[in-house]
Amino acid sequence: MDCTLLVKPAAEPLKLLHVVRRYGPVGGMERYVWEVTRELAALGHEVVVICERCHGEKPQNIIVYELGEIAARPRWLALLRFGARVARWLQDHPHSGFVVHSNERLSAHDVTTFHGPPFATVRDKPWWKKISLRIAMQFYLERRELLVTRFIVPNSILIQKQLAQYYPEYAHKLTAPIVPGVAAMPQRTWHTVADDGGIICFVGREWQRKGLPLAVEIVAQLRKERPNLEFWVVGPQAEEVQHLFVDWPGSYRLLGWRSDTTYLQQIDVLLHPAKAEPYGMVISEAMAARVPVVVSTACGAAAQVSAEAGEVLALDVPVKEWMDAVTRQLNRTEPAPAFVRGWEMVAHEYETIYRQISQGSV
């Protein structure tokens with residue numbers, strides 16, 4: 001009897017070409033591409049990136065081609081010009097056997113990732129707000145992007161539902177969401193919170209869309225029950241939001257933008273009642289640091305918030321329900337679990353899609 005062990009051969013490395021205008025950790029979408037490409041290269045795949053400019057030190061195991069920056073406004077024209085440059089580059093530099101993964105509005109790609117809501121949501125606006133060259137061109141670029149691609153990857157369940165709603169003709173191309181990863185975070189030291197205090201934190205540069213006025217109202221009402229409660233605001237400059245704190249009844253800190261996340265080790269609850277949030281990386285980061293969260297259903301990351309990690313509420317519920325949810329998190333008797341989703345997991349999920357293309361199964 002032959003007892004020779006059968007060893008499954010290792011899968012062949014993939015050839016991957018990623019396209020993004022700004023390559024580097026300089027924004028939510030950009031960090032997603034930066035982290036995924038580095039992990040794919042670390043897994044042994046051949047990775048090429050085409051961008052306008054690299055906003056970081058070029059990874060040694062990734063070939064980066066910079067095409068030069070384009071005027072950012074008007075946005076539709078910048079997208080159109082960048083797409084044309086990429087198309088010319090691909091024509092002049094054939095990459096046989098490469099899977100082309102776009103994060104922009106291209107006309108030639110195999111995979112496209114949606115990091116935000118489709119532009120088609122503008123259909124819900126009154127007709128007089130939809131008559132312009134800008135609107136027409138954005139529609140054209142988005143529909144072209146979806147028409148030519150083989151797979152459409154949403155970065156959250158929320159975006160997946162919107163794409164299926166506004167583009168049902170392309171719903172068969174949608175994959176399961178591939179949500180962002182999160183780096184390992186320093187853990188918040190567990191402690192019980194004083195009955196009359198605690199630290200609630202709001203994070204977001206785009207403070208109106210992310211729900212700061214509602215957060216201010218929630219915390220102001222809570223201070224009547226917890227007079228030593230503190231409110232920290234990270235993101236907007238103090239002068240942008242100071243008017244929200246006129247006659248504020250107690251302690252607050254306007255911390256401005258922070259590139260670090262050390263504040264997560266000091267706060268007791270992250271409050272994120274956003275009106276529209278395609279994902280919300282700060283939610284994942286807070287959960288990774290074991291900070292309880294209270295967020296709105298309008299956040300893409302809400303799908304990752306377990307009952308043990310915090311609470312998710314609809315925006316139209318009374319303020320009292322938000323207050324009660326925050327109070328329950330402040331009054332916890334055990335720590336929140338650590339949210340774990342390394343970027344390597346994200347890269348492996350993309351591998352599955354790439355192999356279907358490279359093997360000709362689609």
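The structure under discussion appears in the preceding block.
Residues numbered from 1 in each chain as written. Predicted model: local features only at pLDDT ≥ 70, side-chain atom pairs only at ≥ 80, totals over all residues. Heavy atoms only, no water.

Draft legend 1. Broad picture of the packing of helix α5 (residues 212-222) against helix α8 (residues 319-330). The N-to-C vectors of α5 and α8 enclose an angle of 70 degrees; their axes lie 9 Å apart at closest approach. In terms of their interaxial angle, α5 and α8 are classed as roughly perpendicular. The two elements α5 and α8 cross, and the hand of that crossing is right-handed. In this structure, α5 contributes L214, E217, I218, Q221 and L222 to the contact, and α8 contributes V319, W322, M323, V326 and T327. Among the residues forming the contact of α5 with α8, the class breakdown is seven nonpolar, two polar and one charged. (Axes fitted to C-alpha atoms, helices over the stretch in contact; angles between N-to-C directions. Helix = DSSP H or I, 4+ residues; strand = E, 2+ residues; numbered from the N terminus. Parallel < 35°, antiparallel > 145°, perpendicular 65-115°, else oblique. Left-handed = near helix turned anticlockwise from the far one by under 90°. Contact = heavy atoms within 4.5 Å. Nonpolar A, V, L, I, M, F, W, Y, C, P; charged D, E, K, R; others polar.)

Draft legend 2. Fine view of a nonpolar patch on the surface. A cluster of nonpolar residues, W127, W128 and I131, forms a patch on the protein surface that exposes about 440 Å² of accessible area. Inspection of the secondary structure assignment puts W128 in the loop between β7 (111-114) and α3 (133-148). (Patch = residues over 30% accessible without salt bridge, like charges linked within 9 Å, V, L, I, M, F, W, Y side chains within 5 Å. Areas by Shrake-Rupley, 256 points an atom, 1.4 Å probe, with all protein chains shown as cover. Salt bridge = Lys/Arg side-chain N within 4 Å of Asp/Glu carboxyl O.)

Draft legend 3. Region of interest: the sheet that holds strand β5 (residues 62-66). Spatial strand order, β5-β3-β1-β6-β7-β8: six strands in an open sheet with parallel pairing. Each having just a single partner strand, β5 and β8 (151-154) make up the two edges of the open sheet. Strand-to-strand twist in this sheet, taken as the mean axis angle between neighbours without regard to direction, amounts to 20 degrees. Note: strand β1 (residues 15-19) against strand β6 (residues 99-102), four bridges, orientation parallel. Among the inter-strand pairings, L16 is bridged to a residue of β6, identified as V99. Contacting β7 and β8, helix α4 (residues 157-166) runs over the sheet at an angle of about 135 degrees to β8. (Pairing = 2+ DSSP bridges.)

Draft legend 4. Highlighting the sheet that holds strand β10 (residues 230-234). Across the sheet, which stays open at both edges, the six strands sit in the order β11-β10-β9-β12-β13-β14 with parallel pairing between neighbours. On the outer flanks of this sheet lie β11 (252-256) and β14 (310-313), each paired with one strand and no other. Within the sheet, the average angular offset between the axes of one strand and its neighbour, ignoring direction, is 20 degrees. Strand direction decides the pairing type here: strand β13 (residues 293-296) and β14, joined by four bridges, are parallel. Its bridge partner being in β14, S296 is matched across the sheet by L313. Sheet strands in contact with α5 are β9 (199-203), β10 and β12 (269-272), and its direction is about 165 degrees off that of β10. In the packing of helix α7 (residues 281-288) onto the sheet, contacts are made with β9, β12 and β13, and the angle to β12 comes to roughly 165 degrees.

Draft legend 5. Just the side chain of R223, in detail. Relative to the helices and strands, R223 resides in the loop between α5 and β10. Buried charged residue R223 carries no salt bridge. Nearest counter-charge: E230, at 7.9 Å. Setting aside chain neighbours within four positions, we find R223 in contact with N228, L229, W248, P249, G250 and S251. (Buried < 20%, exposed > 50% of the residue type's maximum accessible area, 1.4 Å probe, protein only. Lys, Arg positive; Asp, Glu negative; His and termini not counted.)

Draft legend 6. Representation of the packing of helix α2 (residues 75-92) against α3 in the model. Taken N-terminus to C-terminus, the directions of α2 and α3 make an angle of 35 degrees; their axes are 9 Å apart at the nearest point. With respect to the hand of their crossing, α2 and α3 are arranged in left-handed fashion. Contact residues: R75, W76, L79 and L80 in α2; L133, R134, M137, Q138, Y140 and L141 in α3. Taken together, the residues of the contact of α2 with α3 break down into seven nonpolar, one polar and two charged.

Draft legend 7. How the structure looks around the pairing of β7. Burial along β7 is two-sided: V111 and T113 and T112 and F114, pointing in opposite directions, are all buried. Two strands pair when backbone bridges link them, and β6 and β7 are joined in this way by two bridges, in the parallel orientation. Bridged to H101 within β7 is V111. Where β7 lies against β8, four bridges are found, and the strand directions are parallel. Pairing of F114 across the sheet is with P154, part of β8. The handedness of the β7 to β8 crossover, carried by α3, is right-handed. (Right-handed = clockwise from strand over helix to strand, strands pointing away.)

Draft legend 8. Spotlight on the packing of aromatic side chains. Summed over the entire model, instances satisfying the criterion amount to twelve aromatic pairs. Between the aromatic rings of W248 and Y252, the centroid separation amounts to 6.3 Å while the plane-to-plane angle is 80 degrees, which identifies the pairing as edge-to-face. Judged by relative accessible area, W248 falls into the buried class, the value being 12%. Taken together through their ring pairs, the aromatic side chains of Y32, W343, Y350 and Y354 make up a single cluster. Between the NZ or CZ atom of R123 and the centre of the ring of Y167, over which it lies, the distance is 5.2 Å. Lying over the aromatic face of W232, R253 brings its terminal NZ or CZ to 4.5 Å of the ring centre. (Phe/Tyr/Trp six-rings, centres within 6.5 Å; stacked < 30°, edge-to-face > 60°. Lys NZ or Arg CZ within 6 Å of the ring centre and 35° of its normal.)

Draft legend 9. How the structure looks around the environment of K15. In this structure, K15 sits in strand β1. Each C-alpha atom of the pair K15 and V99 lies 6.3 Å from the other, and the pair is 84 residues apart in sequence.

Draft legend 10. Geometry of the nonpolar core. Of all hydrophobic cores here, the largest spans 29 residues; its most connected members are Y263, L264, L270, I283 and V293. Of all the secondary structure elements, the ones that give two or more residues to this core are β9, β10, α7 and β13. The leading source of residues in this core is α7, at five residues. Once residues within four sequence positions are removed from consideration, Y263 is found in contact with C201, V203, W232, V234, R258 and V282. If you look at the next biggest cluster of nonpolar residues, it comprises 28 residues, including L16, V20, W34 and C54. (Core = buried A, V, L, I, M, F, W, Y, C linked by side-chain atoms within 4.5 Å.)

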